[in-house]
Amino acid sequence: TGASLLPATPEDVAAFIAAKGQEGSKYNSVALYAAAIRHKHKSAGLADPTSHQKVKDTLTGLRKWAPTVAQKSPLQLVHIAQMIKPFSPTNSTHVRDKAMLLVGWAGAMRASELLALRVQDVESAKTHLLLRIRQSKTGGGFRAIGARPDALDPVSALIDWLRTVNDHQGVVFR
């Protein structure tokens, strides 16, 4: 219709938040909507309707009764063992995936850290790996990962993968 949605009134924003809550939206999603509304108004040089007490009270009420995101239980080594059990040592994709799972789990690494890992960032020995983390949400640094005397050894898994690709530069997992 060509009608502008800006500026929104605090009453409209509070009603929007309440409607999202009644639809079953999670609090964090609705708070993100409110942040976007705030940003849009500030960018346009308009008064921020989300700073109004009515909007704040509506968000507070939503936080108290909106569905929450269920905390997932952490991945355990037994789960990884189940995942890698069918892997074949002659299948290069399986060798890579096993190394990714074991190194990522043992190093408590984010996917982005694991995928950014370069061959020159890996120092390996029979008893450990020392990984240089160049890119990380929490800052760079090093991770030490110890070897295990079983099929769930991240050190031997990574060495097997590096032997499989036989490449001494570039990213580790490709």
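Conventions used here
Residues numbered from 1 in each chain as written. Predicted model: local features only at pLDDT ≥ 70, side-chain atom pairs only at ≥ 80, totals over all residues. Heavy atoms only, no water. Helix = DSSP H or I, 4+ residues; strand = E, 2+ residues; numbered from the N terminus. Rg over C-alpha atoms; globule rule 2.2 N^0.38 Å. Buried < 20%, exposed > 50% of the residue type's maximum accessible area, 1.4 Å probe, protein only. Contact = heavy atoms within 4.5 Å. Areas by Shrake-Rupley, 256 points an atom, 1.4 Å probe, with all protein chains shown as cover. Axes fitted to C-alpha atoms, helices over the stretch in contact; angles between N-to-C directions. Parallel < 35°, antiparallel > 145°, perpendicular 65-115°, else oblique. Left-handed = near helix turned anticlockwise from the far one by under 90°. Nonpolar A, V, L, I, M, F, W, Y, C, P; charged D, E, K, R; others polar. Pairing = 2+ DSSP bridges. Core = buried A, V, L, I, M, F, W, Y, C linked by side-chain atoms within 4.5 Å. pLDDT = per-residue confidence, 0-100. Salt bridge = Lys/Arg side-chain N within 4 Å of Asp/Glu carboxyl O. Patch = residues over 30% accessible without salt bridge, like charges linked within 9 Å, V, L, I, M, F, W, Y side chains within 5 Å.

Draft legend 1. Fine view of the overall build of the protein chain. Helix and strand counts for the protein chain come out as seven helices and three strands. Secondary structure elements of the protein chain occur, N-terminal to C-terminal, as α-α-α-α-α-α-β-β-β-α. In terms of overall dimensions, the protein chain is more spread out than a globule: its C-alpha atoms have a radius of gyration of 25 Å, far above the 16 Å expected for 174 residues. With the C-alpha coordinates of the protein chain rotated into their principal frame, the extents come out at 65 × 35 × 30 Å. In the protein chain, buried positions account for 30% of the 174 residues. When contacts within the protein chain are restricted to residue pairs at least 6 apart in sequence, those whose partners lie at least 24 apart make up 56%. As presented, the protein chain carries roughly 11100 Å² of accessible surface, and 55% of it is formed by carbon and sulfur atoms.

Draft legend 2. Just the packing of helix α2 (residues 27-43) against helix α3 (residues 53-65), in detail. Remark: α2 packs on α3, axes separated minimally by 9 Å, with the N-to-C direction vectors making an angle of 165°. The angle between α2 and α3 falls in the class roughly antiparallel. Classified by chirality, the crossing of α3 by α2 is left-handed. Residue-level contacts link Y27, V30, A31 and A34 of α2 to L59, L62 and R63 of α3. Taken together, the residues of the contact of α2 with α3 sort by class into six nonpolar, no polar and one charged.

Draft legend 3. Molecular detail of the pairing of strand β2 (residues 128-133). Every second residue of β2 is oriented toward a common face, the buried set being L129, L131 and I133 and the non-buried set H128, L130 and R132. Where strand β1 (residues 122-124) and β2 come together, three bridges link them in antiparallel fashion. Opposite E123, over in β2, you have L130 as the bridge partner. Between the end of β1 and the start of β2, which pair antiparallel, lie three residues. With six bridges connecting them, β2 and strand β3 (residues 141-146) associate as antiparallel partners. Bridge assignment links L131 to a residue of β3, and that residue is R143.

Draft legend 4. Geometry of the nonpolar core. By size, the foremost hydrophobic cluster in this structure holds 24 residues, and its most contacted members are V103, L129, L131, L158, W161 and V172. Among the secondary structure elements, those contributing two or more residues to this core are α4 (77-84), α5 (92-106), β2 and α7 (154-165). At five residues, α7 tops the list of elements feeding residues into this core. If sequence neighbours within four positions are ignored, V172 has contacts with L117, R118, V119, V122, L158, W161 and L162. Judged by nonpolar contacts, the second largest core, of 11 residues, contains A8, V13, Y27 and A66.

Draft legend 5. Structural detail: the confidence of the model for the protein chain. Mean pLDDT over the protein chain works out to 90, with 97% of the residues at or above the 70 mark. At the low end of the mean pLDDT range in the protein chain sits β1, at 89; at the high end sits α5, at 96.

Draft legend 6. How the structure looks around the pattern of salt bridges. A full pass over the atoms with the stated rule returns seven salt bridges. When the shortest N-O distance is used, the salt bridge between E113 and R143 registers 3.3 Å. With E113 in helix α6 (residues 111-116) and R143 in strand β3, this pair connects stretches of sequence that are 30 residues apart.

Draft legend 7. Structural view of a nonpolar patch on the surface. On the surface, a nonpolar cluster with roughly 260 Å² of combined accessible area is contributed by L75, M83 and W105. Inspection of the secondary structure assignment puts L75 in the loop between α3 and α4. On the basis of relative accessibility, which here comes to 39%, the residue L75 falls in the partly exposed class.

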